[in-house]
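Chain and residue survey
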Amino acid sequence: MHQLSKKQALPQKYGHLPEKEAEAIPWDKICVDLIGPYKINRKGKTQIICKYVTITDPATGWFEICQYNDKRSISVANLVEQQWLCRYPCPTQITFDRGSAFIGKDFQEMIRDNYGIKRK
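**What to know about the side chain of glutamate 64**
Examined against the element boundaries, glutamate 64 turns out to sit in strand β3 (residues 63-67). Here the side chain of glutamate 64 touches arginine 87 through a polar contact of 3.5 Å, side chain to side chain. Those residues within four positions of glutamate 64 in sequence are excluded, and the remaining contacts are Val53, Thr54, Ile55, Gln83, Trp84, Arg87 and Tyr88.

**A few points about the sheet that holds strand β4 (residues 93-95)**
The sheet built from five strands is open, its strands ordered β3-β2-β1-β4-β5 with mixed pairing. In this open sheet, the two strands that pair with only one neighbour each are β3 and β5 (118-119). Where strand β1 (residues 29-40) meets strand β2 (residues 48-56), eight bridges bridge the pair, whose relative direction is antiparallel. Bridging from a neighbouring strand, leucine 34 pairs with valine 53 of β2. Against the sheet, helix α1 (residues 73-85) engages β1, β2 and β3, with an angle of about 135° to β3.

**Some words on the pattern of salt bridges**
With the rule as written, the count across this model stands at three salt bridges. A salt bridge links arginine 87 to glutamate 64; the nearest nitrogen and oxygen atoms lie 3.5 Å apart. Pair noted here: arginine 87 is in the loop between α1 and β4 and glutamate 64 is in strand β3, with a separation of 23 residues, a long-range link. The class for glutamate 64 is buried, based on a relative accessible area of 13%. The residue aspartate 70 makes a salt bridge to arginine 72 at a minimum N-O spacing of 3.3 Å. Here aspartate 70 falls in the partly exposed class, since its relative accessible area comes to 27%. Take arginine 72: its relative accessible area is 51%, and that puts it in the exposed class.

**Some points on the packing of aromatic side chains**
Two measures describe an aromatic ring pair: the distance that separates the ring centres and the angle between the ring planes. Per the counting criterion, the structure on display carries seven aromatic pairs. Aromatic side chains tryptophan 27 and tyrosine 88 sit 5.3 Å apart centroid to centroid with 10° between the ring planes, which places their arrangement in the stacked category. Of the two residues, tryptophan 27 is situated in the segment before β1 and tyrosine 88 in the loop between α1 and β4; the sequence distance between them amounts to 61 residues. For tyrosine 88, a relative accessible area of 16% corresponds to the buried category. With centroids separated by 4.5 Å and ring planes inclined at 50°, the aromatic side chains of tryptophan 84 and tyrosine 88 adopt a geometry described as tilted. The exposure class assigned to tryptophan 84 is buried, which follows from its relative accessible area of 0%. Among the aromatic residues, those joined into a ring-pair cluster are Trp27, Trp62, Trp84 and Tyr88.

Conventions used here
Residues numbered from 1 in each chain as written. Predicted model: local features only at pLDDT ≥ 70, side-chain atom pairs only at ≥ 80, totals over all residues. Heavy atoms only, no water. Helix = DSSP H or I, 4+ residues; strand = E, 2+ residues; numbered from the N terminus. Polar contact = N/O pair within 3.5 Å; in protein donor to acceptor, adjacent residues only side chain to side chain. Contact = heavy atoms within 4.5 Å. Pairing = 2+ DSSP bridges. Axes fitted to C-alpha atoms, helices over the stretch in contact; angles between N-to-C directions. Salt bridge = Lys/Arg side-chain N within 4 Å of Asp/Glu carboxyl O. Buried < 20%, exposed > 50% of the residue type's maximum accessible area, 1.4 Å probe, protein only. Phe/Tyr/Trp six-rings, centres within 6.5 Å; stacked < 30°, edge-to-face > 60°.

This is the structure we're talking about:
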C-alpha cells in the first residue's frame, strides 16, 4: 500500500517577529521619503507629473507633503528644512532610504552639521 502523505511527529513551527514598539515621544523621530512620479491625464489638456517629498512623525502620525522638481540632494534638503525643521520641534533621529537625494552630501551635511540629527 502506498503512503499518500507522511505524518510529521511535530508540526512545523516558525518564529514570530517581535512586537513593534510604538513610538511614544512626539516630534523625536521623523521619516522622510520621495514618492512619485504620478502621471495625471487630463482630457484635452497636458499631462501633469507630480513628485513629492513626504515627512512623517511616526509617534503622532503628523505628516507633511511637498512637491519637488528634481532629486538633487540640495533641493530635497531645502524642502525638508523649510517644511519641517523650521516649523516643528527638531527631531533627534531621521529615517530615510538609500536614495540619492538622501545619501547626497548636501542632505547629510544639513542633518549632521546644521541640526545634529542622527540618521537611520
